[in-house]
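An overview of the molecular structure
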Amino acid sequence: MEFLIKYPPNVRNRFRNTTVYLAVDLKLKTKDKRAIAIGGSAGSSVIVVDLLNDDVKKTLDHEYFHILDKSDDPKKDNSTWALANPHGMRDYTFLTSAEAVEHGSEFEPPIPPPGFARIYGKEGGPDEDQATIADRLLNPVLAGSITKRAMEDAVLRKKVEMETGCLFDPATGRFQRALTKEEYTARLRFRNFQYYSTWSRLPTGELTMDSDFWNAIADGKPKKFE
Ligand SMILES: [Zn+2]
């Protein structure tokens, strides 16, 4: 799919063993679920997307994030991520995913809650918090609004820096440069790089999803990696 060319080849490679199924009227355990990602063993994963979904591309960015992030691995530890919230894990409402999906699809408010990309991130818990920020940052139509909000919203800014591994300047609304590992771990409390700053890092240490990459999407003109 055309939208995949915005991912650098080293990141795109990670999707190679992911099978995408397109479904119609996807009915899971939940009433209104429009997509699901299932991380498999030995690097093979499955995404099912409902074609009735109003934005299949955005949903695929979201589901690919879950695959890369191993969101469905029970061993995944979100405690460091949650420290970005003023009250840690207590800032999530932890509805069941069914309730969160229903709520998210039917009552999406025009202004998301502070610190979150979408209300679904707050109600669905840390994995959905992370994936909703990713699907906004990667979308050339929506990224500008989340970076604009990050200028005023220090919690959201911290989460954006966690995922991108890049320093964000609240005065200009631009990503400035990649954080060093020392800066990343000191500012964001992880012991290592996480998310796109891990997945796109070359053996030489450079990021292929660097500050220019994220600024270009926020400007609505993603780089193309043919
Ligand atoms: Zn999700």
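A short note on the pairing of strand E3 (residues 45-50)
As paired elements, strand E1 (residues 18-23) and E3 share six bridges and run parallel to each other. Opposite Ala23, over in E3, you have Asp50 as the bridge partner. Inspection of the sheet shows strand E2 (residues 35-38) paired to E3 by four bridges, in the antiparallel sense. Bridging from a neighbouring strand, Ile38 pairs with Val46 of E3.

Here's the deal with helix H8 (residues 154-164)
For H8, a buried count of eight out of eleven residues is recorded, marking the element as mostly surrounded by other parts of the structure. Within the sequence span of H8, burial applies to Leu156, Arg157, Lys159, Val160, Glu161, Met162, Glu163 and Thr164. One or two steps after H8, the chain reaches Gly165, where phi turns positive at roughly 70°.

Details of the sheet that holds E2
Taken in spatial order, the three strands of this open sheet run E1-E3-E2, and their pairing is mixed. In this open sheet, the two strands that pair with only one neighbour each are E1 and E2. This sheet shows a mean twist of 10° between the axes of neighbouring strands, independent of strand direction. Contacts from helix H2 (residues 56-69) reach E1, E2 and E3 within the one sheet, and its direction differs from that of E3 by about 155°.

A short note on helix H7 (residues 143-152)
An α-helical turn contains 3.6 residues, so any two residues separated by three or four positions project in the same direction. Along H7, the residues classified as buried are Ala143, Ile146, Thr147, Arg149 and Ala150. One side of H7 holds all its buried residues, which, seen down the axis, span an arc of 160°. Of the exposed residues in H7, the ones pointing more than 90 degrees away from its buried face are Lys148 and Glu152. If you follow the buried residues of H7, they end up packed against helix H6 (126-137), H8, strand E4 (166-169) and helix H11 (211-218).

Considerations on the pairing of E4
Residues Cys166 and Phe168 of E4 are buried on one face, while the alternating residues Leu167 and Asp169, pointing to the opposite face, are not. Here E4 runs beside strand E5 (residues 174-178); their pairing, made up of four bridges, is antiparallel. Bridge pairing in E5 places Leu167 opposite Arg177. Between E4 and E5, which pair antiparallel in sequence order, lie four residues; one of them, Gly173, sits at a positive phi of approximately 75°.

About the cut-offs
Residues numbered from 1 in each chain as written. Predicted model: local features only at pLDDT ≥ 70, side-chain atom pairs only at ≥ 80, totals over all residues. Pairing = 2+ DSSP bridges. Helix = DSSP H or I, 4+ residues; strand = E, 2+ residues; numbered from the N terminus. Buried ≥ 20, exposed ≤ 12 C-beta atoms within 10 Å, placed from the backbone. Axes fitted to C-alpha atoms, helices over the stretch in contact; angles between N-to-C directions. Contact = placed C-beta atoms within 7 Å. Arc of directions from axis to C-beta.

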